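# Reading the structure
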Amino acid sequence: DAGVTQSPTHLIKTRGQQVTLRCSPISGHKSVSWYQQVLGQGPQFIFQYYEKEERGRGNFPDRFSARQFPNYSSELNVNALLLGDSALYLCASSSGQGNAEAFFGQGTRLTVV
Amino acid sequence: LAKTTQPISMDSYEGQEVNITCSHNNIATNDYITWYQQFPSQGPRFIIQGYKTKVTNEVASLFIPADRKSSTLSLPRVSLSDTAVYYCLVGDPGNKLTFGGGTRVLVKP
């Protein structure tokens, strides 16, 4: 069974540009969450989607948006990129039921120059 | 959300047992305790999860006292490949996860 897959693995963008990151959850998982991890810190929650509905949003500006598709895959969009958006972006999936644990992908390393 | 406190770093040697204690004084009744392991430039990997008493799997044990205000992750007979950052989280494990700074474990030969 494939785990959580994210694409691309690495990305370099220029300040002011827009970026779209993609995530495919584990088969059967209906919940997808996004996290930002800057160097030396723990991951910070950005969004959670369950059954295509936004279930939670972290303390991030409106430049960050996301959506979940009928097949439960998800995209994270970041507009007007800043140097401080450089980070590892992680996607996690879970069944969304009870105390089911979350499984993380390998992440997308975004570098803004 | 319950806040967690864990040591910033720990050193150990191959073959030793490593115990990392996490404090979570304001844990809620419905909260679970979950531990993740993370290697550089990789996503966190689920290690173990528990609600009370003791949980054991093939890689670790988790000890939770009756008051649930702390928990201890035990890694038996560590190897060099166990060098990583270990995160303790409390809450609903399938929903928003709140990560702290984690504990950097360095296993020496």
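Heads up: the structure comes first, above all this text.
Residues numbered from 1 in each chain as written. Chains lettered and ligands numbered in written order. Predicted model: local features only at pLDDT ≥ 70, side-chain atom pairs only at ≥ 80, totals over all residues. Heavy atoms only, no water.

### A look at the overall build of chain B
- Scanning chain B for helices and strands turns up 0 helices and 9 strands.
- In chain B, the succession of α and β elements from N to C terminus is β-β-β-β-β-β-β-β-β.
- Taken over C-alpha atoms, the radius of gyration comes to 13 Å for chain B, in line with the 13 Å a tight globule of 109 residues would show.
- Counting only C-alpha atoms and orienting by the principal axes, one finds that chain B spans roughly 40 × 30 × 25 Å. (Helix = DSSP H or I, 4+ residues; strand = E, 2+ residues; numbered from the N terminus. Rg over C-alpha atoms; globule rule 2.2 N^0.38 Å.)

### Considerations on the side chain of S74 of chain B
- With respect to the secondary-structure elements, S74 of chain B resides in strand β7 (residues 70-75).
- A polar contact of 3.4 Å, which involves the side chain of S74 of chain B, links it to the side chain of E17 of chain B. (Polar contact = N/O pair within 3.5 Å; in protein donor to acceptor, adjacent residues only side chain to side chain.)

### Focus on the pairing of strand β9 (residues 87-94) of chain A
Residue and element names in this part refer to chain A.
- Of all 8 residues making up β9, 8 are buried, and the element is well covered by its neighbours.
- Burial along β9 is two-sided: the face carrying A87, Y89, C91 and S93 and the face carrying L88, L90, A92 and S94 are both buried.
- Sheet topology places strand β4 (residues 31-37) next to β9; 7 bridges connect them, and they run antiparallel. The residue of β9 that forms the bridge with W34 is C91.
- Relative to strand β11 (residues 108-112), β9 runs antiparallel, the two being bridged by 3 bridges. Pairing of L88 across the sheet is with R109, part of β11. (Buried < 20%, exposed > 50% of the residue type's maximum accessible area, 1.4 Å probe, protein only. Pairing = 2+ DSSP bridges.)

### A few points about the sheet that holds strand β3 (residues 19-24) of chain A
All names here are of chain A.
- Spatial strand order, β1-β3-β8-β7: 4 strands in an open sheet with antiparallel pairing. Of all the strands in the sheet, the pair left with one neighbour each is β1 (5-7) and β7 (64-68). Averaged over neighbouring strand pairs, the angle between their axes works out to 15 degrees when direction is ignored.
- Sheet topology places β1 next to β3; 3 bridges connect them, and they run antiparallel. Residue pairing in the sheet places S7 in a bridge with R22 of β3. (Axes fitted to C-alpha atoms, helices over the stretch in contact; angles between N-to-C directions.)

### Regarding the state of the cysteines
Residue and element names in this part refer to chain A.
- Overall, the coordinates contain 2 disulfides over all chains when judged by the stated rule.
- Through a disulfide, C23 is tied to C91; the S-S separation comes to 1.8 Å. Its S-S torsion of about -65 degrees marks the bond between C23 and C91 as left-handed, since a negative value means left-handed. Of this pair, C23 sits in strand β3 while C91 is found in strand β9, placing the two residues 68 residues apart along the sequence. (Disulfide = S-S within 2.5 Å.)

### Describing the packing of aromatic side chains
- Applying the stated rule across the entire model yields 11 aromatic pairs over all chains.
- Ring centres of F104 of chain A and Y36 of chain B lie 5.5 Å apart, and the angle between their planes is 90 degrees; this geometry places the pair in the edge-to-face category. Here F104 of chain A, found in strand β10 (residues 103-104), pairs with Y36 of chain B, found in strand β3 (residues 32-38), and the two come from separate chains.
- Among the residues examined, F104 of chain A registers a relative accessible area of 11% and is labelled buried.
- Taken together, Y35, F45 and F104 of chain A together with Y36, F46, Y87 and F99 of chain B form an aromatic cluster joined through their ring pairs.
- Directly above the ring of Y50 of chain A sits R55 of chain A, whose terminal nitrogen or CZ lies 4.4 Å from the centroid.
- Its end group placed over the ring of Y51 of chain B, R68 of chain B keeps NZ or CZ at 4.0 Å from the ring centre. (Phe/Tyr/Trp six-rings, centres within 6.5 Å; stacked < 30°, edge-to-face > 60°. Lys NZ or Arg CZ within 6 Å of the ring centre and 35° of its normal.)

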